[in-house]
Amino acid sequence: MWWFENWSDLLRVVIVGTTAYASLVLLLRVTGKRTLSKLNAFDFLVTVALGSTLATILLSKEVSFAEGMTALTLLVFLQYAVTWISVRSPGFQRIIKAEPTLVVRDGQPLSSALRDQRVTIEELLASVRMAGLSRIEDAAAVVLETDGSLTVLDKTQAPAGTLRPVSGTSLKS
């Protein structure tokens, strides 16, 4: 393996990389904040695909700049289209997005929900600590969100309204 082959390869990476990066930033600004959100697994997948595509444009001589930009534009357009449709069609939204899941209710871990969602008690306790609570019993609810994060609501908050779309909820208000 060579540490360096020639200056033209490096120059290509600098020129194509700068142009592709600037083009992607412009494309993302045009399509809005939602394109790179982390609201659910689908959004995460698109973000990873965009990064992978940008890396391919930068490093692969077999992929022309035009082909790479077409791929980036296609990914951004598909993300835009899917989110546009999901906002307007609850049926489509149910297909594309997972729903949040309650994993703690009234300070008690819900074993079956934890098992079904593959969340360990250690991960649950870490989220409770990060929320500033010293005991899980102080949590009114913990929700596994659609992006995989855990949201902790302490008992001083009124969680009933925000838990309406969460599966497995029937909290006492």
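Everything in this summary refers to the structure shown in the same document. In this text the structure is predicted, and so the values were computed from the model without any measurement.

## Observations concerning the nonpolar core
Reasoning step 1: If you look at the biggest cluster of nonpolar residues, it comprises 20 residues, and the most contacted ones within it are Val103, Val104, Leu124 and Val142.
Reasoning step 2: Secondary-structure elements contributing two or more residues to this core are strand E1 (101-105), helix H5 (111-117), helix H6 (121-130), strand E3 (139-144) and strand E4 (150-154).
Reasoning step 3: No other element matches the five residues that E3 contributes to this core.
Reasoning step 4: Apart from the residues lying within four places of it in its own chain, the contact partners of Val103 are Gln108, Pro109, Leu110, Ala113, Leu114, Leu124, Val142, Leu144 and Leu150.
Reasoning step 5: Val46, Leu54, Ile57 and Leu72 belong to the second largest nonpolar core, which has twelve residues in total.

## Remarks on helix H1 (residues 7-31)
Reasoning step 1: Here H1 contains 25 residues, and its C-alpha end-to-end distance of 36 Å stays within 8% of the 36 Å for a straight helix at 1.5 Å per residue.
Reasoning step 2: Within H1, burial applies to Asp9, Val16, Gly17, Ala20, Leu24, Leu27, Leu28 and Thr31.
Reasoning step 3: Tucked inside the fold, the buried residues of H1 contact helix H2 (41-59) and helix H3 (65-88).
Reasoning step 4: Just downstream of H1, Gly32 is the residue with a positive phi angle, here 95 degrees.

## Some points on the sheet that holds strand E2 (residues 108-109)
Reasoning step 1: Taken together, four strands build an open sheet; the order of strands is E2-E1-E3-E4 and the sheet is antiparallel. Of all the strands in the sheet, the pair left with one neighbour each is E2 and E4.
Reasoning step 2: In this sheet, E2 lies alongside E1 in antiparallel orientation, the contact comprising two bridges. Note on E2: the bridge partner recorded for Arg105 is Gln108.
Reasoning step 3: Across the sheet, H6 is in contact with E1, E2, E3 and E4; its angle to E4 comes to roughly 55 degrees.

Cut-off values and rules
- Within any chain, residue numbers begin from 1 and follow the written order of that chain's sequence.
- Residue-level local features of this predicted model are given only where pLDDT is at least 70; pairs of side-chain atoms are given and counted only at 80 or more, and the full residue set underlies all totals for whole chains, interfaces and linings.
- For side-chain calculations, the full set of non-hydrogen atoms in the structure is used, while hydrogens and water are omitted.
- Residues grouped as a nonpolar core are buried Ala, Val, Leu, Ile, Met, Phe, Trp, Tyr and Cys residues, joined through side-chain atoms within 4.5 Å.
- Throughout, exposure labels follow a simple rule: accessible area from a 1.4 Å probe, protein chains only, divided by the maximum for the residue type, with under 20% read as buried, over 50% as exposed, and the rest as partly exposed.
- Numbering of helices and strands starts at the N terminus; helices are DSSP runs of H or I of at least 4 residues and strands are runs of E of at least 2.
- The criterion used for residue contact is that any of the two residues' heavy atoms lie within 4.5 Å.
- Here the expected length of a helix is defined as 1.5 Å per residue gap, with one fewer gap than residues.
- Pairing between strands is defined by DSSP: at least two bridges between the two strands are required.
- Axis geometry follows a simple rule: fit a line to the C-alpha atoms, using only the stretch in contact for helices, then measure angles between N-to-C directions, giving values from 0 to 180 degrees.

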